[in-house]
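Residue-level structural notes
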Amino acid sequence: MGTVRRPGSYVCGIDAAMDVIGGKWKVLILWALDERTLRFGELRRQVPGVTEKVLASHLRELERDGIVRRDEHAEVPPRVEYSLTPRGAALNEALGPLGAWGRENVLRDAASGAASG
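In this report, we go over the structure that sits alongside the text. (Residues numbered from 1 in each chain as written. Predicted model: local features only at pLDDT ≥ 70, side-chain atom pairs only at ≥ 80, totals over all residues. Heavy atoms only, no water.)

Another point: a nonpolar patch on the surface. A cluster of nonpolar side chains, namely Leu-98, Trp-101 and Val-106, defines an oily patch on the protein surface of about 320 Å² accessible area. As for its position among the elements, Val-106 is in helix α5 (residues 86-116). What makes Val-106 partly exposed here is its relative accessible area of 44%. (Patch = residues over 30% accessible without salt bridge, like charges linked within 9 Å, V, L, I, M, F, W, Y side chains within 5 Å. Areas by Shrake-Rupley, 256 points an atom, 1.4 Å probe, with all protein chains shown as cover. Salt bridge = Lys/Arg side-chain N within 4 Å of Asp/Glu carboxyl O. Helix = DSSP H or I, 4+ residues; strand = E, 2+ residues; numbered from the N terminus. Buried < 20%, exposed > 50% of the residue type's maximum accessible area, 1.4 Å probe, protein only.)

And the structure:
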């Protein structure tokens, strides 16, 4: 499954990647799924503040883009689990340096500002 191209043309690779991970919650979903496979309720608890509607929508988009895999188990009650695809794992690896930059340049500055304030 390939990434679904969205309307408009991309200027560069970062533009294309941001189209896949854009929004407030998608990177947090990816971060949570990097640890392990999760059921919907578990994932919702790992991403505090996200509504069920938005989480379901983002999971569908990430699944359509080949980032997240949805596994339905034929059980009663039904069990659905979400995990990263190899493409999703590669995306998380690519986001690692961005997270390091945020820790170094934003979180550290916020902590030092709070300490001096």
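Anyway, onward from the coordinates.
Put simply, Val-76 and Pro-77 share a cis peptide bond, and its omega is -5°. In this fold, Pro-77 is placed in the loop between β2 (68-73) and β3 (79-84).

Let's shift gears to the pairing of β3. Taken residue by residue, a regular strand's side chains alternate between the two faces of the sheet. Most of β3 sits inside the fold, with five of its six residues counted as buried. Pairing of β2 with β3, which is carried by six bridges, proceeds in the antiparallel orientation. Bridge pairing in β3 places Arg-70 opposite Tyr-82. The hairpin formed by β2 and β3 contains five residues between the paired strands. (Pairing = 2+ DSSP bridges.)

Residues Ile-29, Leu-33, Leu-43 and Val-68 are the most contacted members of the largest nonpolar core, which totals 21 residues. Listing elements by their share of this core, those giving two or more residues are α1 (13-21), α2 (26-35), α4 (52-64), β3 and α5. If one sorts the elements of this core by residue count, α2 sits on top with four residues. Residues contacting Leu-33, with those up to four places away along its chain left out, are Leu-38, Leu-43, Val-68, Tyr-82, Ser-83 and Leu-84. (Core = buried A, V, L, I, M, F, W, Y, C linked by side-chain atoms within 4.5 Å. Contact = heavy atoms within 4.5 Å.)

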